[in-house]
Amino acid sequence: MRAQPVHRDFKLGLQPEHANLLVTVFPFESPETYFMSINTLVSEAINAYLARKAPGFALLLDAPWGAGKTHFIKSVTKCDTNHRVHYVTLNGVDAPTAFRRALMASMPASKLAKSTGTLGKALSDLTGIGDLGSFAQNAIEDHAIANLPDAIIFDDLERCTMEAPVLLGLLNEFVEHQDKNIILIANIAEYPDKDLFLSRQEKVVGRTVRLTPEAGAVLGVFIDALPDGAGKDWMTENKDVVLQVFHDSESHNLRILRQVVHDCAAVLDQIDDDLMKAKHAVKRFVVTYLALAIALIGHKISAEDVSTRASDDHFGLTNDEKPSRLSRVSKKHQKAECFAGNSANILPEFLGELLLVNGFIEREQLNRTLRETGQFEREEHDPLWRRAGRWWSLSHADLTELISEIETYIFETNEVDVTHFIIVANTKIELVGTGKLKDTPATALKAILDRIDHLHRHGLITSDGPKERRPWGTVGGRLFYKDYNSASISDEFGEIITAIEAALDSSFEARLPSVATKLCDLFKEDLSEFLLYFNSYEAYAATPILHHFDAQAFSKHLLDHIRAARNDVGAVTVTLSERHNATQNWETEKLWAGQVKVAIEAEAAKLDCVTQAMVQHFLQYLWRFDPPQKKAAAKP
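Being a predicted model, the structure only gives us computed values, none of them experimental. (Residues numbered from 1 in each chain as written. Predicted model: local features only at pLDDT ≥ 70, side-chain atom pairs only at ≥ 80, totals over all residues. Heavy atoms only, no water.)

Enquirer: Can you lay out the overall build of the chain for me, pointing to particular residues and giving the numbers?
Expert: A tally of regular secondary structure across the chain gives 27 helices and ten strands. Residues counted as buried form 46% of the 636 residues belonging to the chain. Considering only residue pairs separated by 6 or more positions, the chain has 74% of its internal contacts joining residues 24 or more positions apart. Split by element, the accessible area of the chain, about 32500 Å² in all, is 52% carbon and sulfur. (Helix = DSSP H or I, 4+ residues; strand = E, 2+ residues; numbered from the N terminus. Buried < 20%, exposed > 50% of the residue type's maximum accessible area, 1.4 Å probe, protein only. Contact = heavy atoms within 4.5 Å. Areas by Shrake-Rupley, 256 points an atom, 1.4 Å probe, with all protein chains shown as cover.)

And the structure:
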């Protein structure tokens, strides 16, 4: 839908009557158009004001912090090089004396030296006194201030700690008695005594213009300042993506924009080249990173919110029945994957915490984690599953071809990607549901389920990991995969997903014994590598598998590590036991742990008392598995 025309209520001529420049803008198709159109008017208003002689009022430029007020006014007035316009910052000014010093501090050195030398010589000649002290200093300051240009810019009013009436009185001296053009720059919303300032400003301020951040104009400057690398290249090619995220955030703080662009580009610089070629995945990663980073820096969410993005509680209602902070951010950013509670998320919870909260991650760990998401795979330009997901947007010829490809993929292809199969099968159901194809939803569903059963029985549906490691996820009754997200999951779609998941679970369970044998060997050879399979982001952190280990073999390896004083073996066994919690209370692993304990004590008893002491100490402090629950005795 096209945006409505811009409505403007303003007077560029700036007539003497007190009136504000108000600009009301409805959303444009392009964020860059949105930002640029407003500030062109503000620039014209400022130039029109400066062109007036003795205007009799000050012009106030109001904008939020980070909106680029200082950059904007210096660009419009060229005050850094144009000595007909004097720039002053009132940051930290707390008294009239400091006000005078601020005026002097920003005066060009050459002009100040000339004023000082001329008046100082005149006073010395007149009085015959070499050192005039404070009298001469005040006289010199008065002379310099009296010769200021006709246009003066006072910046950072809200950071001036003088009382509003005192400050306005000092400013009025220039407006009413010296007939100067005075531009005031402030974030009025943050003024220490906003109400008092607004009630007293009428005698001084005759016009107010409000600046909207020119993200579209300054983004290129921010990007140009980045070091050469993959991050700068991506930002240069995808400015529209960055602008859209910033626009969706409803932030007006260009400092935040500059920071998140810098930080995100630094992350992209660390990503391996082959991963950067997965363009869709990189775009999803950047959109999610930027959305969360802007919200975090802007205090819309907390560090705790970032660290608990996988919790359903943080995406529901708060105790007072209001949307949570993360829910509000997620609603603004429809294309950002703020919720991390599904395996399809492009920015896993712990990685988001490392990048956004801790601010540091090793390059190796970053790339390993991105690979493990299963999302960063280079793919053909427009694969079948993506076209199937947007079948309704295709031409008649393309849709006819797509329907043929769908039939072939579902019912004839043996080497299928189960996620692609789910999406394509759902499209088949949607097309049948239109009533324009020969099948009915019921017959189409039965044929698809029969095909899933056939693929499973012939070993054509395999799984390398449990449910937590699947490349898709479901949130709010919708399925997500890469840049695909479904409409609400229909009953038929739900049955297809359930059938695929059952086949994957069966495949995974069948592989566990052979996987356990390999892991037991790895426990013997490399404890650090072994631990990677049981930490917070690998497959077996949430999967019972230890009961498939040979208890005798494991106990012998463990005894060898204890006798060799391998301190890291304790960290490994503690990690294994801490996988157990209220929702992961696996009795089968507890039984196995008991068998290992008995076996290692028996092995130690065959050796010497020193070994027995070492084993007992280890079991007491570092073998933390709870004993299995005792079965209730049968009633007589």
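Enquirer: Report on the pattern of salt bridges, specifying residues and quantitative values.
Expert: Applying the stated criterion across every chain yields a total of 24 salt bridges. A salt bridge links lysine 332 to glutamate 250, with the shortest nitrogen-to-oxygen separation between them at 3.8 Å. With lysine 332 in helix α15 (residues 325-332) and glutamate 250 in the loop between α10 (239-249) and α11 (254-269), this pair connects stretches of sequence that are 82 residues apart. Judged by its relative accessible area of 30%, lysine 332 is partly exposed. Connected through salt bridges with shared partners, the residues Asp272, Asp274, Arg363 and Arg371 form a single ionic network. (Salt bridge = Lys/Arg side-chain N within 4 Å of Asp/Glu carboxyl O.)

Enquirer: Any chance you could break down the packing of aromatic side chains for me, citing the residues and the numbers?
Expert: By the definition in use, this model includes 19 aromatic pairs. On the basis of an interplanar angle of 70° and a centroid distance of 6.3 Å, the ring pair of phenylalanine 285 and phenylalanine 376 is categorised as edge-to-face. Residue phenylalanine 285 is found in helix α13 (residues 279-297), and its partner phenylalanine 376 is found in the loop between α17 (363-372) and α18 (384-389); the two are separated by 91 residues along the sequence. In this structure, lysine 74 is placed above the aromatic ring of tyrosine 87, and the distance from its NZ or CZ to the ring centre is 4.5 Å. Between the NZ or CZ atom of arginine 207 and the centre of the ring of phenylalanine 57, over which it lies, the distance is 4.8 Å. (Phe/Tyr/Trp six-rings, centres within 6.5 Å; stacked < 30°, edge-to-face > 60°. Lys NZ or Arg CZ within 6 Å of the ring centre and 35° of its normal.)

Enquirer: Go over the sheet that holds strand β5 (residues 151-155), please, and point to the residues and values.
Expert: Reading across from one edge, β4-β5-β6-β3-β7 is the order of the five strands in this open sheet, with parallel pairing throughout. A single partner strand is all that each edge strand has here, and the edge strands are β4 (85-89) and β7 (205-210). Strand-to-strand, the axes of this sheet are offset by a mean angle of 20°, without reference to chain direction. Note: strand β3 (residues 58-62) against strand β6 (residues 181-186), four bridges, orientation parallel. (Pairing = 2+ DSSP bridges. Axes fitted to C-alpha atoms, helices over the stretch in contact; angles between N-to-C directions.)

Enquirer: So what's going on with the pairing of β5? Residues and values would help.
Expert: Looking along a regular strand, one sees the side chains alternate between the two faces of the sheet. Burial within β5 is extensive, with five of its five residues counted as buried. Here β5 shows two buried faces, one formed by Ala151, Ile153 and Asp155 and the other by Ile152 and Phe154. With helix α6 (residues 164-177) bridging β5 and its parallel neighbour β6, the resulting β-α-β unit is right-handed. (Right-handed = clockwise from strand over helix to strand, strands pointing away.)

Enquirer: Outline the side chain of threonine 288, supporting the account with residue identities and numerical values.
Expert: On the secondary structure map, threonine 288 appears in helix α13. Residue classification places threonine 288 among the buried residues on the basis of a relative accessible area of 0%. Among the polar contacts made by the side chain of threonine 288, one reaches the main-chain amide nitrogen of glutamate 337 at a distance of 3.0 Å. (Polar contact = N/O pair within 3.5 Å; in protein donor to acceptor, adjacent residues only side chain to side chain.)

Enquirer: An account of α15 is needed here, citing residue identities and associated values.
Expert: Residues of α15 that are buried: Leu326, Ser327 and Val329. End-on view of α15: buried residues confined to an arc of 165°, all on one side of the axis. Looking at the buried residues of α15, the elements they touch are α13 and α14 (303-307). (Arc of directions from axis to C-beta.)

Enquirer: So what's going on with the packing of helix α26 (residues 587-605) against helix α27 (residues 609-621)? Residues and values would help.
Expert: Each pair of packed helices can be summarised by the angle the axes make with each other and by the distance between the axes. Where α26 meets α27, the closest approach of the two axes is 8 Å, and the angle between their N-to-C directions is 160°. Comparing their axes, α27 and α26 come out roughly antiparallel. For the pair α26 and α27, the crossing hand works out as left-handed. Touching Lys597, Ile600, Glu601, Ala604 and Ala605 of α26 are Thr611, Gln612, Val615, Gln616 and Leu619, all from α27. The residue makeup of the contact of α26 with α27, split by class, is five nonpolar, three polar and two charged. (Parallel < 35°, antiparallel > 145°, perpendicular 65-115°, else oblique. Left-handed = near helix turned anticlockwise from the far one by under 90°. Nonpolar A, V, L, I, M, F, W, Y, C, P; charged D, E, K, R; others polar.)

Enquirer: Outline a negative patch on the surface, supporting the account with residue identities and numerical values.
Expert: Together, Asp521, Glu525, Asp526 and Glu529 line one region of the surface with negative charge. With respect to the helices, strands and loops of the structure, glutamate 525 is situated in helix α22 (residues 491-525). Judged by its relative accessible area of 61%, glutamate 525 falls in the exposed class. (Patch = residues over 30% accessible without salt bridge, like charges linked within 9 Å, V, L, I, M, F, W, Y side chains within 5 Å. Lys, Arg positive; Asp, Glu negative; His and termini not counted. Charge placed at Lys NZ, Arg CZ, Asp CG, Glu CD.)

Enquirer: An account of the nonpolar core is needed here, citing residue identities and associated values.
Expert: Judged by nonpolar contacts, the single largest core of 56 residues is most densely connected at Trp234, Met235, Leu268, Phe285, Leu351 and Phe376. Among the elements that make up this core, the one with the highest residue count is α13 (13 residues). Formed by 52 residues, the second largest nonpolar core is a distinct cluster that contains Leu60, Leu90, Val93 and Leu103. (Core = buried A, V, L, I, M, F, W, Y, C linked by side-chain atoms within 4.5 Å.)

Enquirer: For the packing of α13 against helix α16 (residues 349-358), give the residues involved together with the corresponding values.
Expert: Two elements in contact, α13 and α16, have axes separated by 11 Å at closest approach and are oriented at 55°. In terms of orientation, α13 lies oblique with respect to α16. Taken as a pair, α13 and α16 cross one another with a handedness that is right-handed. Contacts between α13 and α16 pair Phe285, Tyr289, Leu292, Ala293 and Leu296 from the former with Leu351, Leu355 and Leu356 from the latter. In the contact of α13 with α16, the residues fall into eight nonpolar, no polar and no charged.

Enquirer: Please provide a residue-by-residue account of the confidence of the model for the chain, values included.
Expert: Looking at the chain as a whole, its pLDDT mean stands at 82, while 83% of the residues score no less than 70. This stretch, residues 1-37, has a pLDDT under 50; its non-local contacts, to residues over four places away or in other chains, come to 72 contacts. Predicted confidence is poor over residues 117-133, with pLDDT under 50, and the contacts of this stretch with residues over four places away or in other chains come to nine contacts. (pLDDT = per-residue confidence, 0-100.)

Enquirer: So, unusual backbone geometry: which residues are in play, and what are the values?
Expert: What you tend to see is this: most non-glycine residues have negative phi, and most peptide bonds are trans. For histidine 299, which is not glycine, the phi torsion reads 60° and is therefore positive. Tracing the sequence through the fold places histidine 299 in the loop between α13 and α14. Judged by its relative accessible area of 72%, histidine 299 is exposed. At alanine 565, a residue that is not glycine, the phi angle is positive and equals roughly 60°. Within the secondary structure, alanine 565 is located in the loop between α24 (551-563) and α25 (568-578).

Enquirer: Any chance you could break down the environment of valine 166 for me, citing the residues and the numbers?
Expert: Locating valine 166 in the fold gives a position in helix α6. For valine 166, a relative accessible area of 36% puts it in the partly exposed group. Taking C-alpha positions, valine 166 is 8.1 Å from proline 96, a pair spaced 70 residues apart along the chain.

Enquirer: How would you summarise the environment of arginine 210 if you had to cite specific residues and measurements?
Expert: Tracing the sequence through the fold places arginine 210 in strand β7. Each C-alpha atom of the pair arginine 210 and asparagine 187 lies 9.7 Å from the other, and the pair is 23 residues apart in sequence.

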